[in-house]
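# Structural overview for review
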Amino acid sequence: MRPKNYSQMEKPISIATGKFRTNNNNNNNHNNVWFIVPLFFILCFVLLCFDYSALFTDTDETAFSIPDVTQKSTSSEFTKDDNFSRFLDDPSPDSSCSGRYIYVHELPYRFNGELLDNCFKITRGTEKDICPYIENYGFGPVIKNYENVLLKHSWFTTNQFMLEVIFHNKMMNYRCLTNDSSLASAVFVPFYAGLDMSRYLWGYNISVRDSSSHELMNWLVVQKEWGRMSGRDHFLVSGRIAWDFRRQTDNESDWGSKLRFLPESRNMSMLSIESSSWKNDYAIPYPTCFHPRSVDEVVEWQELMRSQKREYLFTFAGAPRPEYKDSVRGKIIDECLESKKQCYLLDCNYGNVNCDNPVNVMKVFRNSVFCLQPPGDSYTRRSMFDSILAGCIPVFFHPGTAYAQYKWHLPKNHSSYSVYLPVKDVKEWNIIIRERLIEIPEERVVRLREEVIRLIPKVVYADPKYGSDGNEDAFELAVKGMLGKIQEVREMMRQGKDGSDGFDDRDDYKYTFSPYEEPQVLA
């Protein structure tokens, strides 16, 4: 019996000849059906297995091909992506990773997951919310209008407090990750301490400000990894200064949280944009807005900075700090205004958007020989790393701005890349900046600038796929430095010594002027 829609015009195709056949009898028709049915299933299987991704290419050259841990998740916990199974589940340890393996804790959702899903509740210290800055692995929105100042690619509007998010994403592409904590030389705790505290800095009592810190430590100490070294092989990263986590009293009016003074936390190390006076706090660079995807991009940018003609002798990007009586900023601004064409002042007063725009900052810095870097709300500034990125020689006024901080990333010989004009007492400070800078011989200026440009790869947080096999960016240097510190403690314990000896001691001389009082070399 023929189907109702059968038509004499519908004739089967011969697989052998490609010609239409004529159905002479029912047996032939049945044979054709039995031949085509299995062929149909075979073709369906082939089509299902076909990799359609080859047909579609991503035209957005700024997109990354690795997972982003900051993407909102519907699951209750963060999990390591399957794409990293070759790093995490390889049963045979890689000899090149010996002493470099890192185990990453998977934190419960109530920590990072809840933070990211409610990012609109976190402010960056202004009226704007933080959500857009979490995009693109913590790099923030892509800069599309580069105005022939920046490279066409790899520049973002990166928020200076996003270090913990950027570091986490970089860590998830670290070559020596392990899923076997017994192999690990260090344990990374990817808690977004800075973002968490940013929710409660204003208008909340200390119980609320400290709640996540207590919850985190209570969770950590019952994990099997904690007992091996009582947490001294654990470290976390913060996008805020370390002082924000060292509130020394329980007065409601005091600033910050008590995370780093909790007994268990004192056994851990913290990497942050500015260290405190305690020895288990370490400073690593602020994130800049340049996140290169390759060595070639870094070299291209370095060559641009070498060939850049610089119109201004010195520049300052910032705002006055009248509330700080010892601040030198007022004098710097006055002198810059008096110097007219020799100095450029980029006004960063609240309400001004100039300093939020990386194009404006780079346009000024790359056009200046020296960039003044006085302390601000704290010792350090992101501006110093922006100046290095622009090949602009930084001028420091306090050792706590750089010399006492970024020892894994900047040369020990600070006179090789910067100028130091110490200001111990602003009331007695009578230096004329313009005259001191003009005195520096041109040959020395050239050497200083070259050293600054050579530092660029060390102070940028590159695309998460970049920064291994000898190409060390700020992340790679920070990991190397942290592994070295943990190894020192481990070696002490192997020798039968107390691993806690000196681990979290306070260094009261860290930010004093005396260690850096050698005469400034001008020749």
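Just above, that's the structure.
Residues numbered from 1 in each chain as written. Predicted model: local features only at pLDDT ≥ 70, side-chain atom pairs only at ≥ 80, totals over all residues. Heavy atoms only, no water.

In this section: the packing of aromatic side chains. This model, assessed by the stated rule, comprises 22 aromatic pairs. Seen in terms of ring centroids, Trp202 and Trp255 are 5.7 Å apart; in terms of plane orientation they differ by 75°. Their pairing is edge-to-face. In this pair, Trp202 is assigned in the loop between helix 6 (193-198) and helix 7 (206-220) and Trp255 in the loop between strand 3 (234-238) and strand 4 (269-272), connecting sequence segments 53 residues apart. Judged by relative accessible area, Trp255 falls into the partly exposed class, the value being 38%. Measuring from ring centre to ring centre gives 4.5 Å for Tyr379 and Tyr511, while their planes differ by 25°; the resulting arrangement is stacked. In this pair, Tyr379 sits in the loop between strand 8 (368-373) and helix 12 (383-389) while Tyr511 sits in the segment after helix 16 (474-494), placing the two residues 132 residues apart along the sequence. We classify Tyr379 as partly exposed; its relative accessible area is 26%. Aromatic ring contacts, followed pair by pair, group Phe167, Tyr174, Phe188, Phe235 and Phe475 into a single cluster. Of note, Arg240 hangs over the ring of Phe161, and the distance from its end group to the ring centre comes to 5.0 Å. When the ring centre of Phe261 is taken as reference, the NZ or CZ atom of Arg246 above it lies at 5.1 Å. (Phe/Tyr/Trp six-rings, centres within 6.5 Å; stacked < 30°, edge-to-face > 60°. Helix = DSSP H or I, 4+ residues; strand = E, 2+ residues; numbered from the N terminus. Buried < 20%, exposed > 50% of the residue type's maximum accessible area, 1.4 Å probe, protein only. Lys NZ or Arg CZ within 6 Å of the ring centre and 35° of its normal.)

Another aspect to go through is the sheet that holds strand 4. Pairing within the open sheet is parallel, and its five strands lie in the order 1-2-3-4-5. Bordering the open sheet on either side are strand 1 (102-104) and strand 5 (281-283), each of which pairs with just one other strand. The sheet shows a mean angle of 30° between the axes of neighbouring strands, direction not considered. Inspection of the sheet shows strand 2 (residues 186-188) paired to strand 3 by two bridges, in the parallel sense. Paired with Val187 across the bridge in strand 3 is His234. (Pairing = 2+ DSSP bridges. Axes fitted to C-alpha atoms, helices over the stretch in contact; angles between N-to-C directions.)

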